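# Summary of structural features
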Amino acid sequence: GTFTVRAPASSANLGPGFDSLGLSVPLYTTLRVTPQATTEIVPLGAELEGTPADESNYVYRAMGLAARRAGRPLPPARIEIETDVPLARGLGSSAAALVAGIVAGNELLGRPLDELAVLDVAAREEGHPDNVAPALFGGIVVATLDKLGTHYVRLDPPANLGVTVLIPDFELSTSKARAVLPKEYSRADAVHALSHAALLAAALSQGRLDLLRHAMQDYIHQIWRAPLVPGLSDILEEAWKHGALGAALSGAGPTVLCFHDTREPTAPLHAYLNGVMARNGLEGRVLDFPI
Ligand code: HSE
């Protein structure tokens with residue numbers, strides 16, 4: 001019969017955890033799948049206007065990846081697709097579609113793939129696991145992808161940690177935001193990145209909210225992407241003065257993520273972030289989420 005699959009949005013990198021660290025954000029891509037004699041792909045809602053309603057649809061192609069890994073043909077079905085994840089904003093909309101599709105395809109096939117195989121199919125397709133891992137498991141996930149496979153550790157989010165996201169109204173493609181990155185880094189930059197990413201993962205696992213601001217420093221991707229996101233440098237330097245526990249570009253941007261303490265009011269942070277947008281002539285939304 002009919003079944004439903006949903007996968008959350010995600011924020012990748014969290015500063016220095018480039019391509020390896022991410023957390024889920026409670027906005028969802030939802031699929032309603034009904035096995036039937038023919039394939040029917042039905043994108044619903046404003047956010048999916050203009051997405052293909054045929055077999056070139058990304059969700060449908062993701063379902064096909066599950067079938068390919070299982071070595072079996074995908075049974076036909078009616079697939080309704082809905083999302084409230086904003087597209088091309090650095091909130092993992094493609095990872096949510098990919099994970100939801102692979103999980104739905106696996107379900108339609110009678111679950112031949114275990115969770116690690118689902119993760120591996122998704123991570124190989126995207127090229128890095130930092131969005132697909134939290135989209136699959138929820139919470140905060142540290143993940144690696146290499147020749148030998150995909151490996152991960154899921155962390156429960158620390159108590160009292162919430163996120164505030166500034167979602168600008170403009171789209172930024174991941175490929176454009178990856179094209180501006182250097183091909184090579186110095187040993188000093190590599191040591192800076194790995195030590196801060198390791199500190200960040202350890203701080204998140206132990207609830208050391210006091211360390212986030214320091215641990216989230218990054219010279220691997222944010223400085224190169226700053227010209228693509230007006231106001232980013234200001235926020236990375238100053239958000240802590242307005243109540244943020246740490247700040248980072250969300251994935252490839254343009255969304256910016258701040259951590260906050262859920263016991264404190266976020267109004268000052270909202271006022272600051274809205275001010276940065278106004279000074280830079282940007283439109284957008286500032287939203288709080290529990291994690
Ligand atoms: N780690 C990726 C990046 C996430 O920053 O490019 C976006 O896909």
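Residues numbered from 1 in each chain as written. Predicted model: local features only at pLDDT ≥ 70, side-chain atom pairs only at ≥ 80, totals over all residues. Heavy atoms only, no water.

### Notes on the pattern of salt bridges
How we decide: Salt bridges, as used here, are contacts in which a Lys or Arg side-chain nitrogen is within 4 Å of a carboxyl oxygen on Asp or Glu. Helix and strand definitions follow DSSP, with helices as H or I runs of at least four residues and strands as E runs of at least two, each counted in order from the N terminus. Relative accessibility under 20% of the residue-type maximum defines a buried residue, over 50% an exposed one, and the middle range a partly exposed one, all with a 1.4 Å probe and only protein chains included.
For the coordinates displayed, the defined rule picks out 11 salt bridges. When the shortest N-O distance is used, the salt bridge between arginine 69 and aspartate 120 registers 2.8 Å. With arginine 69 in helix H1 (residues 58-70) and aspartate 120 in helix H3 (residues 115-126), this residue pair connects regions lying 51 residues apart in the sequence. Given a relative accessible area of 39%, arginine 69 falls into the partly exposed group. With a shortest N-O distance of 2.8 Å, arginine 263 and aspartate 261 are connected by a salt bridge. Given a relative accessible area of 12%, aspartate 261 falls into the buried group.

### Observations regarding the site of the ligand
Our working definition: Near residues are defined by distance, with any heavy atom within 4 Å of the molecule or strand qualifying the residue. For the purposes of these results, a polar contact is taken to be a pair of N or O atoms within 3.5 Å, where, inside protein, one atom must be able to donate a hydrogen and its partner to accept one; residues adjacent in sequence count only when each atom of the pair is a side-chain atom. The protein chains shown are the only cover counted for residues, whose accessible areas, like all others here, come from Shrake-Rupley with a 1.4 Å probe. Charged means Asp, Glu, Lys or Arg here, nonpolar means Ala, Val, Leu, Ile, Met, Phe, Trp, Tyr, Cys or Pro, and polar covers whatever is left, Gly included.
Residues in contact with the ligand, as listed here, are Ala12, Asn13, Phe18, Asp19, His128, Asp130, Asn131, Thr174, Arg178, Arg225, Gly251 and Ala252. Between the ligand and aspartate 19, the relevant distance is 2.5 Å, taken from a nitrogen atom to a side-chain nitrogen or oxygen of the residue. Within the side chain of arginine 178, one N or O atom sits 2.6 Å away from an oxygen atom of the ligand. Across the complex, the protein chains shield 95% of the 260 Å² of accessible surface that the ligand would expose by itself. Only strand E1 (3-13), strand E2 (17-35) and helix H5 (174-179) provide two or more residues apiece to the shell around the ligand. Class assignment for the residues of the shell around the ligand results in three nonpolar, five polar and four charged.

### As for the packing of H1 against H3
Counted only if it meets this: All axes are obtained by fitting lines to C-alpha atoms, using only the stretch in contact for helices, and the reported angles, taken between N-to-C directions, cover 0 to 180 degrees. What sets the label is the angle itself: under 35 degrees gives roughly parallel, over 145 gives roughly antiparallel, 65 to 115 gives roughly perpendicular, and the rest give oblique. Put simply, a crossing is left-handed when the front helix is turned counterclockwise from the back one by less than a right angle, and right-handed when it is turned clockwise. It only takes one pair of heavy atoms within 4.5 Å for two residues to be counted as in contact.
At a closest axis distance of 10 Å, the pairing of H1 and H3 adopts a crossing angle of 125°. Of the possible angle classes, the one that applies to H1 and H3 is oblique. H3 is crossed by H1, and the crossing has right-handed handedness. Mapping the contact onto sequence places Tyr58, Leu65 and Arg69 in H1 and Ala117, Asp120, Val121, Arg124 and Glu125 in H3.

### Some remarks on the sheet that holds strand E9 (residues 256-261)
Strand pairing in a sheet takes place through backbone hydrogen bonds and is either antiparallel or parallel in direction. Definition in use: For two strands to pair, DSSP has to find at least two bridges joining them.
Across the sheet, four strands lie side by side as E8-E9-E7-E10; this open sheet has antiparallel pairing. Edge positions in the open sheet fall to strand E8 (246-249) and strand E10 (284-290), since each of these has one partner strand only. Adjacent strand axes in the sheet meet at a mean angle of 20°, parallel and antiparallel pairs treated alike. Here E8 runs beside E9; their pairing, made up of four bridges, is antiparallel. Bridge pairing links alanine 248 to leucine 257 in E9. With respect to the sheet, helix H10 (residues 267-279) is in contact with strand E7 (161-168), E9 and E10, its orientation differing from that of E10 by roughly 155°.

### With respect to unusual backbone geometry
Backbone phi values are negative for most residues with the exception of glycine, while trans is the configuration of most peptide bonds. Following glycine 253, the chain continues to proline 254 via a peptide bond in cis, the omega torsion being 10°. Summarising the element assignment, proline 254 is placed in the loop between E8 and E9. With a phi close to 65°, aspartate 19 is a non-glycine residue in the positive phi region. Note that aspartate 19 resides in strand E2. Owing to a relative accessible area of 19%, aspartate 19 belongs among the buried residues under this scheme. The residue alanine 88 is not glycine, and still its phi comes out positive at about 55°. Tracing the sequence through the fold places alanine 88 in the loop between strand E4 (77-83) and helix H2 (93-108). Under the relative-accessibility criterion, alanine 88 is labelled partly exposed at 28%.

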